[in-house]
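Breakdown of the fold
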2 protein chains.
Amino acid sequence: MKLAILGAGDVGRSVADLAGEYGHDVVALADSSHAAVDPDGIAVESALERKVGGEAVGTADPEDVFDTDYDVLVEATPTTLGDAEPGFSHVQRALEADRHAVLANKGPVAERYEELRALEAESAGSIRFEATVGGAIPILSTIEDSTPEAVTAVRGVLNGTANFILTRMAAEGLDYEHVLAEAQDLGVAEADPTFDVDGTDAALKFVILANVLSDGGFSLEDATVEGIQNIPGSALDLAAEDGRTIRLIGEATRDGVRVGPRLVPENGALAVTGTRNIVQIETRHAGSLHTSGRGAGGPETATAVLSDVGRLPPL
Amino acid sequence: MKLAILGAGDVGRSVADLAGEYGHDVVALADSSHAAVDPDGIAVESALERKVGGEAVGTADPEDVFDTDYDVLVEATPTTLGDAEPGFSHVQRALEADRHAVLANKGPVAERYEELRALEAESAGSIRFEATVGGAIPILSTIEDSTPEAVTAVRGVLNGTANFILTRMAAEGLDYEHVLAEAQDLGVAEADPTFDVDGTDAALKFVILANVLSDGGFSLEDATVEGIQNIPGSALDLAAEDGRTIRLIGEATRDGVRVGPRLVPENGALAVTGTRNIVQIETRHAGSLHTSGRGAGGPETATAVLSDVGRLPPL
C-alpha cells in the first residue's frame, strides 16, 4: 500500500523507516511546515536524515500530501484534546477522498469517535487505530477478533511513564519529585510530563477502549481520572509491608472509564515494572486474556501502525 | 458464514453453541458415526442435547457433510500424528471444493504443513488455525499482524495439564503420581494423560509455531522433547529455595523446537499457575510481547475458531 505519513516525530519517522520491511511504499512524509512527496515513493533515508539533522523534511508543502495518490493516510501528529484538530480534519479528508486512515493520534478517536465512524460509513476507506492504545501490544485487534460484544471489561496499565516512576519509587524508596527528574533525564518522561503523571494519557486510551466496547458514547470528559503526583513514598512502603504495591490502573467497561492509583499484589499480573504496559481483557467465554509489552516508543508504535495497514482491505 | 463442523467433542459442540452469537449459521455437525445436516441451519440446541445425552447427534451420515452448501469447514476431530488422518483429508476436500477450513485439530498443521499450504494456494478458500495453539490466547493472529518475519522466537507454557501438575507439586510438596491423580479427578488431565505429560501436546503447538515462522519445514519428529513424568517433588523444593520453580517450557525459532522442564523465576512471567498458558513473542522492533490466558477448554477454544472465521475473506 502507498502510505502518506502526517507527523515526523518518533512515530512518523519509525513508520517511514519500517514501511519497506512490511512491503509498503512511503509516498509522503510531512511535519507541520514541510513535506517530502513523491508518488513513486520518497527516498526515506534521506528524508529522515534531513529531519533528524534539523533541516526541512522536504521541499513540498504539507497541503501537497492530500493531492498525492496514496492508499493510507497515517495520522501521527501530536494528540490534541477537545476538537482534536488538526488530526480530525486530516482523517476526515482521507475518508472523504475514499482513502484509508490509520491513526497513532489518540485525539480524534477519544474525543470525536462517533463522527469518525459516521465518516467511515460513508467512505470506501476504513479507519484503524491500534497504535493509539498500548503501542506494540495488540489490544484492539484482540478485542476485534473476539468481537467487542464478547468483551466485558478492559483493565490495566497503559502509561509507561507513570509506571516507571511508581516502580522506581517502590524499588528505591525515593520520593516522586526525585524519580520524575530521573525519568526526564532518561527520556522516559517529557519536559512537560503533565499528561503522563496526571492520568490524562492513560484516560485517553481507556476512553478509546470504552468507545470500542460500546461503539461510541465516551470522550475524555466522561472519565474519572486521578494521577500519581500526590503519592508519597511512604504509601509505597506501607503497601510493601502488605505484599502490595501501587500502580496507575485504568478500567474501561460499558459503564465508563476510571483511571487512578490502586493497590495491587506485588507479584500479580498488574504489577508490571518499568515502562511496560499490560491489559487484562475480560471475556464472556474465554476468561481473562492478559497482554503485555512495550506500550510506547517510535518503532514499537510503528509496528502497531503497520499491523493495522496489513489488516486494511484493498481499495 | 455457514459452518460445517466435523467433531462433536468439547470444541465442536462449543463452536456450534457459540456460532449464532458471532453471527454464523451451523449447517452441519458431525461426529465419527452420525451427522446433523441442514442447509438452512441445524437446530443446534437439540443436536447438542442428543449428543450429550448419549444419542446420535443426527440421522445423516458424516459423508453427507461434504455434499452440503457450507462456507467454512471447522476441523475439530481428535488430533492424530504422522499422516494426520482423517483430519488432513477433511481439510483437503474443503480446499479442493474452494471452501475455507478452520482447524482446531493440530495434526495436519504440525505434521503436513507444506502440503496444506500448497492445497490452499490452489484454492479459493483459506486455512486458519488459531485454535491449534493456546486455545483462547491470540498467538497466531498476533504473529500474523506483526508479520512472521518480524518475530524471532516464541517461548512459553502451552500445556495447561502439565502446568497444573507442576503448580500443585510446588504448592503442596506432593509427588507427581499423587498430583496427576488429582488432576484426572478434576478433569484437568485425561484418563490417558500421555501427550500432556510427556510434552507431545506442547511440542505439536511449538512445531506449528515454527512452521508459521519459517513457512514450513518442521514436524513433530524434528522437535527435541522431554516431559514432566520424572520430576521428583524434591526438585521443586530445591528450586524454591533459590526463588525458582519448574515449568514445562517450549521454544520455537527458525532453527527448531525444544520442549522440556526448565527452572524459571518463581515470580516471573513464565511461572503461570494452574492451567493457564503464556507465550512470549520476541520481535525485531517491538521487544517482547507476552500474552496469557486460558489455553484449553471447549468455549475457550471455540472463541479462537470463531475469531478465525471472522478473519476469513468472503468466498
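Going by an unreviewed UniProt entry, chain A carries the name homoserine dehydrogenase and comes from Natrinema hispanicum. One UniProt comment on chain A, placed under Sequence similarities (unreviewed entry), says "Belongs to the homoserine dehydrogenase family."

**Considering the interface of chain B and chain A**
Listed as interface residues are 30 residues of chain B and, on the opposing side, 30 residues of chain A. Across the chain B/chain A interface, buried area totals approximately 2300 Å², and carbon plus sulfur atoms make up 51% of it. Where chain B touches chain A, the interface holds two salt bridges. Two residues, Arg311 of chain B and Asp145 of chain A, come together in a salt bridge whose shortest N-O distance is 3.2 Å. For the pair chain B and chain A, the number of links is 14 residue pairs in polar contact (both at pLDDT 80 or more). Taken together, the elements giving at least two residues each to the side of chain B that touches chain A come down to α6 (139-146), β12 (288-294) and α12 (298-310) of chain B. For the side of chain B that touches chain A, the residue count by class is nine nonpolar, 14 polar and seven charged. Across three bridges, the pairing between strand β12 (residues 288-294) of chain A and β12 of chain B is antiparallel. Each bridged residue has a counterpart across the sheet, and for Ser292 of chain A the counterpart in β12 of chain B is His290 of chain B.

**Notes on the UniProt feature "active site" (unreviewed entry) in chain A**
Residue and element names in this part refer to chain A. On the UniProt side, "active site" (unreviewed entry) is annotated at positions that read Lys205 here. Secondary-structure assignment places Lys205 in helix α10 (residues 200-214). Every residue in contact with Lys205, bar those within four places of it in the chain, is listed here: Lys106, Thr132, Val133, Gly134, Leu158 and Asn159.

**Focus on the pairing of strand β2 (residues 25-30) of chain A**
Residues and elements named next belong to chain A. For β2, the tally of buried residues reaches five of six residues, placing the bulk of the element in the interior. With five bridges joining them, strand β1 (residues 2-6) and β2 adopt parallel strand pairing. Residue pairing across strands places Lys2 opposite Asp25, the latter belonging to β2. Following the chain from β1 across helix α1 (residues 10-19) to the adjacent parallel β2, one finds a crossover that is right-handed. Pairing between β2 and strand β3 (residues 35-37): three bridges, direction antiparallel. By the bridge assignment for β3, Ala30 is matched with Ala35. Counted between consecutive antiparallel strands, the loop separating β2 from β3 contains four residues.

**A word on unusual backbone geometry**
In this structure, the amide linkage connecting Glu85 of chain A to the following residue, Pro86 of chain A, adopts the cis form with an omega of 5°. For Asp98 of chain A, which is not a glycine, the phi torsion comes out positive at approximately 60°. Inspection of the secondary structure assignment puts Asp98 of chain A in the loop between α3 (87-96) and β5 (100-103). Positive phi outside glycine occurs at Ala84 of chain B, with the angle close to 55°. With respect to the helices, strands and loops of the structure, Ala84 of chain B is situated in the loop between β4 (72-75) and α3 (87-96).

**Comments concerning the nonpolar core**
Of all hydrophobic cores here, the largest spans 142 residues; its most connected members are Ile165 and Leu209 of chain A together with Ile165 and Leu209 of chain B. Among residues more than four places away in sequence, those in contact with Leu209 of chain A are Val133, Ile139, Leu140, Ile143, Val154, Leu158 and Ala252 of chain A.

**Focus on the domain arrangement of chain A**
Residues and elements named next belong to chain A. As far as domains go, chain A holds domain 1 (2-136 + 298-311) and domain 2 (141-294). Centre-to-centre, using C-alpha coordinates, domain 1 lies 27 Å away from domain 2. Listed as interface residues are 19 residues of domain 1 and, on the opposing side, 22 residues of domain 2. Connecting domain 1 to domain 2 are five salt bridges. Arg311 is the salt-bridge partner of Glu144, the closest N and O atoms lying 3.7 Å from each other. Scanning the region where domain 1 abuts domain 2 turns up nine residue pairs in polar contact (both at pLDDT 80 or more). Looking at the side of domain 1 that touches domain 2, the elements that each hand over two or more residues are α4 (106-111) and α5 (113-121). If one sorts the elements of the side of domain 1 that touches domain 2 by residue count, α4 sits on top with four residues. Across the side of domain 1 that touches domain 2, the residue classes break down as seven nonpolar, four polar and eight charged.

**With respect to the packing of helix α1 (residues 10-19) of chain B against α12 of chain B**
Residue and element names in this part refer to chain B. Packing of α1 against α12 brings their axes to within 8 Å, and their N-to-C directions diverge by 60°. In terms of crossing hand, the pair formed by α1 and α12 is right-handed. Where α1 abuts α12, its residues Asp10, Val11, Ser14, Val15, Leu18 and Ala19 lie against Gly298, Pro299, Thr301, Ala302, Thr303, Val305 and Leu306.

**What to know about the relation of the copies chain B and chain A**
Superposition of the two copies of the chain requires a rotation about an axis and a shift along the axis. With an RMSD of 0.0 Å, the operation that places chain B on chain A is a rotation of 180° combined with a shift of 0.0 Å along the axis. As the rotation angle and translation indicate, the two copies are arranged about a two-fold axis. Minimal C-alpha separation from the rotation axis in chain B is found for Thr291 of chain B, amounting to 2.2 Å. By residue overlap, the copies meet face to face through one surface: 100% of the interface positions of chain B are interface positions in chain A.

**Quick word on α3 of chain A**
Residue and element names in this part refer to chain A. Gly87, Phe88, His90, Val91, Ala94 and Leu95 are the residues of α3 that are buried. All buried residues of α3 lie within an arc of 160° about the axis, which places them on one face of the element. If you follow the buried residues of α3, they end up packed against β1, β4 (72-75), β5, α4, α5 and β6 (127-128). Note on α3: the residue one or two positions beyond its end, Asp98, has a positive phi of about 60°.

What counts and what doesn't
Counting from 1, residues in each chain are numbered in the order their sequence is written. Here chains are named by letter from A upward and ligands by number from 1 upward, in the order in which they appear as written. Given that this is a predicted model, residues contribute local features only at a pLDDT of at least 70 and side-chain atom pairs are listed and counted only at 80 or more, while totals for whole chains, interfaces and linings are drawn from all residues. As a rule here, side-chain values come from all non-hydrogen atoms in the structure, and water together with hydrogens is ignored. UniProt positions are given in the numbering used here, feature names are shortened, and annotations may be inferred rather than shown by experiment. A contact between two residues is defined here by any heavy atoms of the two lying within 4.5 Å. We define buried area as the total accessible area lost by two parts upon association, computed with a 1.4 Å probe and summed across both. Should a side-chain nitrogen of Lys or Arg be within 4 Å of a carboxyl oxygen of Asp or Glu, the pair is scored as a salt bridge. Two N or O atoms form a polar contact when they lie within 3.5 Å of each other; inside protein one atom must be a possible hydrogen donor and the other a possible acceptor, and for residues adjacent in sequence the pair counts only when both atoms belong to side chains. Secondary structure elements follow DSSP: runs of H or I no shorter than four residues count as helices, runs of E no shorter than two count as strands, and numbering proceeds from the N terminus. Each residue gets one of three labels, nonpolar for Ala, Val, Leu, Ile, Met, Phe, Trp, Tyr, Cys and Pro, charged for Asp, Glu, Lys and Arg, and polar for the others, Gly among them. Paired strands, as defined in this entry, are two strands with at least two bridges between them according to DSSP. A simple rule labels every residue: compare its accessible area, found with a 1.4 Å probe on the protein chains alone, to the largest value its type can have, and call it buried under 20%, exposed over 50%, or partly exposed in between. A right-handed crossover is one whose linking path, passing over the helix from the first strand to the second, runs clockwise when the strands point away from the viewer. Only buried Ala, Val, Leu, Ile, Met, Phe, Trp, Tyr and Cys residues count toward a nonpolar core, and they belong to the same one when joined by side-chain atoms within 4.5 Å. All domain edges in this entry derive from an automatic or database-based domain assignment. Interaxial angle, 0 to 180 degrees, is taken between N-to-C directions of lines fitted to C-alpha atoms, where a helix line uses only the stretch in contact. In this scheme the handedness of a crossing depends on how the near helix is turned from the far one: anticlockwise by less than a right angle means left-handed, clockwise means right-handed. In this comparison the copies share one frame, found by least squares on the C-alpha atoms of residues holding pLDDT of at least 70 in both. Directions drawn from the helix axis to the C-beta atoms are what define this arc.

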